[in-house]
Amino acid sequence: MESYKTLDKLVSKEDKSIFNRLGELSRDGYIVRFIDKLHEMKVPGHERQTLTFLCVDEGEYENYARSNKLVILNNKIDIYNDQPCNVFDDGINPRQRINESRKHEGICVFNNKSNEIIHNGVFLKVSHDKSKVYGEFGVENDYELIKKTDYLSDLIELYGEKAELGSKSRAMLYFSKVNNATFMRFNNNCYIIKKGKVVYSKKHKEFKPLSLF
């Protein structure tokens, strides 16, 4: 397995900048309070709830959607549809916008150039096809997939060979590999996923709280 440092060359300065700013925005927002509360309850699995961004360049989302690789199952939850939101714009409350996205199941689509969330509640078509995901990575189960990608490796410490990934996590790894897409995932452990691997990681506590907003 390649280490984060070895794969760090796959992460652009732009990726890191976006990752740090999004991580800071979510640092003391809904997601952290939600996870901390669940940790207190010690409910297995719930600590894996995530805030995930598919980071795209101009036009990439439309190309994916036209090729039927992405779908919004319920357009009513796509709160950004036709109203993209620049989460770094001082004119809005960015934490509120981040929290609105997190409350809807699915993945946020983030435009790298405009700093806008352009859709949320996006699902990847391969989400529930375990055999396709395992086949792409040459593994037989989630334990082997975690070991190969280093994604959510803390689950192995908790559950050993019984460690499981959610359908969204499996699909995110698959999609990033076969489409060369970049995902950013925020929770207690935060990752940049590229080419089906963890290429950069930080603990949530490593982000400094923003006082700007």
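All of these numbers come straight from a predicted model, not from anything done at the bench.

Rules used throughout
Residues numbered from 1 in each chain as written. Predicted model: local features only at pLDDT ≥ 70, side-chain atom pairs only at ≥ 80, totals over all residues. Heavy atoms only, no water. Core = buried A, V, L, I, M, F, W, Y, C linked by side-chain atoms within 4.5 Å. Buried < 20%, exposed > 50% of the residue type's maximum accessible area, 1.4 Å probe, protein only. Helix = DSSP H or I, 4+ residues; strand = E, 2+ residues; numbered from the N terminus. Contact = heavy atoms within 4.5 Å. Phe/Tyr/Trp six-rings, centres within 6.5 Å; stacked < 30°, edge-to-face > 60°. 1 Å grid on protein atoms, 1.4 Å probe; cavity = no way out; pocket = protein on both sides within 12 Å on 5 of 7 lines; lining within 4 Å. Points joined across faces, edges and corners; volume = space filled by probe spheres on them. Nonpolar A, V, L, I, M, F, W, Y, C, P; charged D, E, K, R; others polar.

## Regarding the nonpolar core
- One finds Y151 and F183 to be the most contacted residues of the largest nonpolar core, which totals 34 residues.
- If you tally residues by element for this core, the top one is helix α9 (residues 167-179), at 5 residues.
- Discounting residues that sit within four places of it in the chain, F183 has contacts with T52, F53, L54, I107, L124, M172, F175, S176, Y191, I192 and I193.
- In terms of nonpolar packing, the next biggest core, distinct from the first, is built from 23 residues, C55, V87, I117 and I192 among them.

## Digging into unusual backbone geometry
- Although it is not a glycine, L152 adopts a positive phi angle of roughly 55°.
- Its location among the elements puts L152 in the loop between α7 (142-149) and α8 (154-159).
- The phi dihedral of K195 falls on the positive side, at around 55°, and the residue is not glycine.
- Structurally, K195 can be placed in the loop between β7 (189-194) and β8 (197-203).

## Remarks on the packing of aromatic side chains
- Applying the stated criterion across every chain, the model contains 10 aromatic pairs.
- Their ring planes at 65° and their centres at 5.6 Å tell us that F19 and F207 sit as a pair that is edge-to-face. Here the residue F19 occupies a position in helix α2 (residues 13-25), and F207 occupies one in the segment after β8, the gap between them amounting to 188 residues.
- For F19, a relative accessible area of 0% puts it in the buried group.
- Note on F186 and F207: the rings are 6.3 Å apart at their centroids and 55° apart in plane angle, and the pair reads as tilted. Of this pair, F186 sits in strand β6 (residues 182-186) while F207 sits in the segment after β8, and the two are 21 residues apart along the sequence.

## Digging into empty space enclosed by the protein
- Following the criterion strictly, the structure yields 1 cavity of 30 Å³ or more and no others.
- Here the largest cavity is characterised by a volume of approximately 60 Å³.
- Around the largest cavity, the lining is made up of 11 residues, and of these T50, R102, H104, G106 and K168 lie nearest the centre.
- Mapped by element, the contributors of at least two residues to the lining of the largest cavity are β1 (51-56) and α5 (94-102).
- Split into classes, the residues belonging to the lining of the largest cavity amount to 2 nonpolar, 6 polar and 3 charged.

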